[in-house]
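A closer look at the structure
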Amino acid sequence: MRIALLSLALVMTLPALAAAQSAGDVAEGKKLFGGLCVTCHGFDGAGGAGPPLNRPKLLSAPDDASLRNIIAEGIPNRGMPRVRRVTDEEMRHLMAYVRSIGKSARAAVPGDAVRGGQIYGKLGCAACHIINGSGGSLGPELTNIGWIRGPDYLRQSVLEPAARLPQGNLPIPARGYNEYLPVTVVLRDGAEVRGIRLNEDVFTIQIRDTTGKFHSVRKADAAVVRKEIGASLMPSFANRLAAGEIDDLVAYLSRLGGAL
Amino acid sequence: MTLTRQVIAIGALLFNALVVSAGAQVPYERLVKAESDPQNWLTYAGSYKSHRYSALDLINRKNVSSLKLAWAYQIQRAGIIETSPLVVDGVMYLSEPPSTVTALDVRSGRPLWTYSPNIPPDVIVIGSPPVNRGVAILDDLVYVGTVHAHLIALDAKSGTVRWDIVVGDNKQGYYLTLAPLALEGKVVVGVSGAETGIRGFIDAYDAKTGKLAWRTYTIPAPGEPGFETWGKGNGWQTGGGSTWLTGSFDPELNLLYWATGNPAPDWNADNRPGDNLYTDAVLALDPSNGKIKWHFQFTPEDVHDWDSNETMVLFEAQIGGRERKLLAQANRNGFYYVLDRATGEFLTGVPYAKQTWADGLDAKGRPIRKKGISPSLEGTLVFPNIQGASNWFSPSYSPQTKLFYQAAREMGTIYYKGAAVYKPGTAFTGGGGRYVNGDDASGAVRALDATTGKMKWEFPLLSPGWTSLLSTAGGLVFGGSEEGNFFALDAETGKPLWDTQIGGAVRGIPMSYAVDGKQYVAIAAGFTLFVFAL
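1. Section: the overall build of chain B
Across its full length, chain B carries two helices and 38 strands. Computed over its C-alpha atoms, the radius of gyration of chain B comes to 22 Å, within 12% of the 24 Å expected for a compact globule of 534 residues. In chain B, buried positions account for 59% of the 534 residues. For chain B, the share of sequence-separated contacts (at least 6 apart) that also reach a separation of at least 24 residues comes to 60%.

So, in structure tokens, the structure goes:
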């Protein structure tokens, strides 16, 4: 009889205990996330320069094993570093929090994606961006941009493209370097080249100009090598779009790659 | 006949004499005089004084622009090459990652023998990549430390194992990456592993048999001086203090200088309140018994992982009207230190890179810490970065220019404090950090007045480098970049005189040798060793 009672007590308390641990894990995980992850993945995992995590399925972490591996090791040569080593307990907390964001209700992205697609066409964005194989290659490819950027970042890119250049999406230049950084080079004969930096080392710099032409410059041969940190070759569309049109464009971009 | 040619000729005569009289290839006496034997490179840093300076001047300011590839050797298994080759009488001894040794013909680059220990697949290497930084040679034996924490003596002619001993328990996280240092009748090694909470030590072994001669722990046991700097808990038992880079030696003072690494856990000092002696310090040891003669601690109670293992340069200079025997180090914490190496007295300490953690050093060299610089849950931005303003890569000192050459890393890190749970053989770090890298970081080769630390010139690098430097009597400083540049600078002015692109991050350690009256400069980058000559 005593044994039966004890068993009954266990059956009743175990699920409650598990639920309590899990809520505690989520709260602890949120604290860790606030220090380690929020800079790229945004508050509440809403996304930013890094992918939004507030979706039921994560492209690179569909299951717990892959999520654990990504937190533990990062994604080599891409934007995601291993920020720091974590203990088993800290890992449990972080995973519990990331999974909890995926289950939480997401704020809807306002705007009409179909109209946004038409605005994309009208503005001529395809002159510089490739989607599904079509478009120009001066700017970043946008085929999967809905997966890898949050709506707030996409909105900022349309309004203030120079505010934050992408980093860590391309294997070259190396992780941490601004991609699509505008540079101006004035050669000794006065000729000027302006374009984006493809790569650089101590003695040389490689540039693609606005016409798509490639230039290799030895720095010692140039009168000026100006890296335009804080600038972008993409114009701002803040004054060319009404507020509703911006919402539409962001809605369109957010769905690219089937992300929403 | 130039001075160098004379040196080479005399060296060759001496060598012939030694072969006839002693039999052994590299007796201790030859190591003591390594710097006057510049056609060879006999110790990790070129001499016991760790100058990484070549007295050869066949390649010099006037002709370096004609430097060309003589030969290249590709390593057998992909990995990072952070090694300094040795060259002895026509043979190069190169270590490859993780713990392989290969002998090469210095004229052609063709391998003569190669040896790889059996590294277990579950080897524990936490705290660095599985690299090897070089070998030592004494008499007819070549010594290599391995990532499974063995010390192995190989027959220099064939690569055959003469003895193989266990230095530390790899299951606890001990491993070896450093080049051993051969002294008279002994070979000295240190260990890596603070990121798993080891208790660091320095070991000396009988060079012929591998029998342990002495062991000196870098963390005092209960009852020993310094034990009180660990608080009342058991933090000392897992306190780190690794000894992972080759020391320097003064045969006249008979003092062995060995530096120590960070306390563990790296970024969380909760269980180790106090200075944590002898972590982040230099120990002056009696090489006959390992007794500590003096110590100097650079970073007491470190919470930023600023190991102090960096190479220590020994030199002499006039200070206050008298000749002093000095020891200099560009520390990972951003300060350049000069100590009296006979007594350990602190003489000078000045920043050589951006640092935001200290308001300078006091009269005894102790840092005056700023507030709010400790790692935190939300992250704390501090310079220098988590890998330091310097690290394992070698500086160089030129007796010709009296300058100390150092690659400096200008980068910040957002430092985090985390939990630390000790479990043998697993990471015991208590936090970590996120780099502020890319266009927000940079590097430079800096030439410092060795006595005062005052910068004479700098050559900017695109990104924080891991480049070691070699200075030569030809008035040159050789170095590299993370982007694959290898270059020669004017040792007096820092002006670039020659450069080439070798296609991989330059992590190897440059050295120079001569054979048949021709000077060579060797550097590893990517997965390849490149050797240049005129």
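2. Structural notes on the sheet that holds strand E10 (residues 161–166) of chain B
All names here are of chain B. Spatially, E7-E8-E9-E10 is the arrangement adopted by the four strands of the open sheet, whose pairing is antiparallel. Strands with a single pairing partner mark the edges of an open sheet, and in this sheet they are strand E7 (136–138) and E10. Taking each pair of neighbouring strands and ignoring which way they run, the sheet shows an average axis angle of 20°. As paired elements, strand E9 (residues 150–155) and E10 share five bridges and run antiparallel to each other.

3. Observations regarding the packing of helix H7 (residues 151–159) of chain A against helix H8 (residues 243–255) of chain A
Residues and elements named next belong to chain A. One way to put it is that H7 packs onto H8 with a least axis distance of 9 Å and a crossing angle of 125°. With respect to H8, the axis of H7 lies oblique. When you trace H7 past H8, the crossing you get is right-handed. In this structure, H7 uses Pro151, Leu154, Arg155 and Val158 to contact H8, whose residues at the interface are Ile246, Leu249, Val250, Leu253 and Ser254. When the residues that make up the contact of H7 with H8 are grouped by side-chain class, the tally is seven nonpolar, one polar and one charged.

4. Considerations on the domain arrangement of chain A
Many descriptions give the size of an interface as the accessible area lost when the pieces come together. For chain A, the assigned domains read domain 1 (2–103), domain 2 (113–164 + 234–255) and domain 3 (182–227). Each of domain 2 of chain A and domain 3 of chain A has a C-alpha centre, and the two are 28 Å apart.

5. Points about helix H5 (residues 113–123) of chain A
Residues and elements named next belong to chain A. Turning to H5, its buried residues number three or more, namely Gly116, Ile119 and Tyr120. Angularly, the buried residues of H5 cover 105° about the axis, an arc narrow enough to put them on a single face. Relative to its buried face, H5 has exposed residues pointing more than 90 degrees away, namely Val114, Gly121 and Lys122. Taken together, the buried residues of H5 touch H8. Just downstream of H5, Gly124 is the residue with a positive phi angle, here 75°.

6. Quick word on the sheet that holds strand E28 (residues 412–417) of chain B
Residues and elements named next belong to chain B. Read from one edge to the other, the open sheet built from three strands follows the order E25-E28-E29, with strand pairing classed as antiparallel. This sheet does not close on itself; its edge strands, each paired only once, are strand E25 (380–382) and strand E29 (431–436). Neighbour-to-neighbour, the strand axes of the sheet open up by a mean angle of 30°, direction not taken into account. Where E25 and E28 come together, three bridges link them in antiparallel fashion. From the neighbouring strand, Val382 faces E28, where its bridge partner is Thr413.

7. Remarks on the packing of helix H3 (residues 64–73) of chain A against helix H4 (residues 88–103) of chain A
Residues and elements named next belong to chain A. Between H3 and H4, whose axes approach to 11 Å, the crossing angle comes to 120°. Between H3 and H4, the angle falls in the class oblique. Considering only the axes of H3 and H4, their crossing is right-handed. Contacts between H3 and H4 pair Asp64, Leu67, Arg68 and Ile71 from the former with Met91, Leu94, Met95 and Val98 from the latter. In terms of residue class, the contact of H3 with H4 is built from six nonpolar, no polar and two charged.

8. Remarks on the environment of A:Thr184
All names here are of chain A. Here Thr184 lies in strand E1 (residues 182–187). Taking the C-alpha atoms as reference, Thr184 lies 5.1 Å from Arg226; in sequence the two are 42 residues apart. Excluding anything up to four places from it in sequence, Thr184 contacts Glu192, Arg194, Val224, Arg226 and Glu228.

9. Points about the pairing of strand E37 (residues 518–525) of chain B
All names here are of chain B. Here E37 lies mainly inside the structure; seven of its eight residues are buried. As paired elements, strand E36 (residues 511–515) and E37 share five bridges and run antiparallel to each other. Directly across from Ala514, in E37, lies its bridge partner Gln519. By the bridge criterion, six bridges tie E37 to strand E38 (residues 528–533) in an arrangement that is antiparallel. Bridge assignment links Ala522 to a residue of E38, and that residue is Val531. Joining the antiparallel neighbours E37 and E38 is a turn of two residues, in which Gly526 adopts a positive phi near 60°.

10. Things to note about the interface of chain B and chain A
With 25 residues of chain B in contact, the opposing surface of chain A contributes 21 residues. Going through the elements one at a time, E29 and strand E35 (496–501) of chain B are the ones with two or more residues in the side of chain B that touches chain A. The element best represented in the side of chain B that touches chain A is E29(B), accounting for five residues. For the side of chain B that touches chain A, the per-class residue count stands at eight nonpolar, twelve polar and five charged.

11. What about the confidence of the model for chain A?
Chain-level statistics for chain A give a pLDDT mean of 88 and a share of 91% at 70 or above. The low-confidence segment residues 1–18 of chain A, where pLDDT is below 50, has zero contacts with residues more than four positions distant or belonging to other chains.

12. A short note on the nonpolar core
Membership of the largest hydrophobic core comes to 153 residues, with the highest contact counts inside it found for B:Val135, B:Ala136, B:Ile137, B:Val142, B:Tyr143 and B:Ala182. At six residues, the largest contribution of residues to this core is made by E37(B). Not counting residues up to four positions away in its chain, the partners in contact with B:Val135 are B:Leu86, B:Tyr93, B:Ser95, B:Val101, B:Val142, B:Tyr143, B:Val144 and B:Ala179. Among the nonpolar cores identified, the runner-up in size contains 44 residues, and A:Ala49, A:Leu67, A:Val250 and B:Ile414 belong to it.

Parameters and conventions
- Residues numbered from 1 in each chain as written.
- Chains lettered and ligands numbered in written order.
- Predicted model: local features only at pLDDT ≥ 70, side-chain atom pairs only at ≥ 80, totals over all residues.
- Helix = DSSP H or I, 4+ residues; strand = E, 2+ residues; numbered from the N terminus.
- Rg over C-alpha atoms; globule rule 2.2 N^0.38 Å.
- Buried ≥ 20, exposed ≤ 12 C-beta atoms within 10 Å, placed from the backbone.
- Contact = placed C-beta atoms within 7 Å.
- Pairing = 2+ DSSP bridges.
- Axes fitted to C-alpha atoms, helices over the stretch in contact; angles between N-to-C directions.
- Parallel < 35°, antiparallel > 145°, perpendicular 65-115°, else oblique.
- Left-handed = near helix turned anticlockwise from the far one by under 90°.
- Nonpolar A, V, L, I, M, F, W, Y, C, P; charged D, E, K, R; others polar.
- Domains from an automatic or database assignment.
- Arc of directions from axis to C-beta.
- pLDDT = per-residue confidence, 0-100.
- Core = buried A, V, L, I, M, F, W, Y, C linked by C-beta atoms within 7 Å.

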